[in-house]
Amino acid sequence: DKATILTSADGKDWTKANLSGKEVDLYTVAGSGNEIVAAGDSGTVLVSKDGISWEQRRMATEEKIHRVKWINDRYFAVGEPMLILTSEDGITWDEVKAELTSKVMFTDLGWNGDKFVVVGDRLNVWSSTNGKAWAQNEAILNKEGMDSTQTISSVAWSGEEFIAAGSNGEILSSTDGSDWKRED
């Protein structure tokens, strides 16, 4: 089903939320403690206070949103093409980065307390210290042993290093978000 959201108080019994009229694929969900945000195709963002009643919000984009995360007191949404959005409440969103002619897809975002890292297809890794000005890590594309056709699907901070996972079982790590290495 398109636009399906399930909720559970105990992790065993699940209830399907009523999302009548919402016919898009959803890919991601995140919460701040005050509200929950779900997002997906066509720039769709749904916001809920309780996980049962959802309101659709109009976005600044009609592009696909792959991931939403609550980091450092704000939501970040990443998607394509080279899309990064931020919001403090899940309702009003600001476009931080978007290159409409790009074919690059951003898939996830991580944060270590000092640096944000966005990952995507074609071995794209971007970083920022403030979440507003972003710079591409081009060194990873030229590093021996790295496959620039790889899609990095996910990134997380372990407490000691960023860990990124991608296509064909690829796992990368970086202690600073800048110097990346393949894990064997």
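One can find the structure itself at the top, above this paragraph.
The structure reproduced in this document is the subject of the present report. (Residues numbered from 1 in each chain as written. Predicted model: local features only at pLDDT ≥ 70, side-chain atom pairs only at ≥ 80, totals over all residues. Heavy atoms only, no water.)

**A closer look at the pattern of salt bridges**
For the structure on display, the rule yields 8 salt bridges. With a shortest N-O distance of 3.8 Å, Glu35 and Lys49 are connected by a salt bridge. Of the two residues, Glu35 sits in the loop between strand S3 (26–31) and strand S4 (36–40) while Lys49 sits in the loop between strand S5 (45–48) and strand S6 (55–57), which places them 14 residues apart along the sequence. Given the relative accessible area of 7%, Glu35 is considered buried. A salt bridge links Arg122 to Asp121, with the nearest nitrogen and oxygen atoms 3.5 Å apart. Since its relative accessible area comes to 40%, Arg122 is described here as partly exposed. Asp121 sits in the buried class, given a relative accessible area of 12%. Overlapping salt bridges bring together Arg67, Lys69 and Asp108 as one network. (Salt bridge = Lys/Arg side-chain N within 4 Å of Asp/Glu carboxyl O. Helix = DSSP H or I, 4+ residues; strand = E, 2+ residues; numbered from the N terminus. Buried < 20%, exposed > 50% of the residue type's maximum accessible area, 1.4 Å probe, protein only.)

**Concerning the pairing of S4**
Two faces, one strand: in a regular strand the side chains alternate between the faces of the sheet. For S4, the buried fraction is high: 4 of the 5 residues fall into the buried class. In sequence, S3 turns back onto S4 through a hairpin of 4 residues, with Gly33 there showing a positive phi of about 100°. Across 4 bridges, S4 lies against S5 in antiparallel orientation. Bridging from a neighbouring strand, Val37 pairs with Val47 of S5. Two successive antiparallel strands, S4 and S5, enclose a turn made up of 4 residues, where Ser42 displays a positive phi of approximately 55°. (Pairing = 2+ DSSP bridges.)

**Points about unusual backbone geometry**
Most of the time, phi is negative for any residue but glycine, and the peptide bond is trans. Here the amide bond leading from Glu80 into Pro81 is cis, since omega sits at -5°, within 30 degrees of zero. With respect to the helices and strands, the residue Pro81 is situated in the loop between strand S8 (74–79) and strand S9 (83–87). Located in the positive-phi region is Ser42, a residue other than glycine, with phi close to 55°. For Ser42, the position within the fold is in the loop between S4 and S5. Look at Asn168: it is not a glycine, yet its phi comes out positive at around 60°. Residue placement: Asn168 occurs in the loop between strand S16 (162–166) and strand S17 (171–174). A relative accessible area of 75% means that Asn168 is categorised as exposed.

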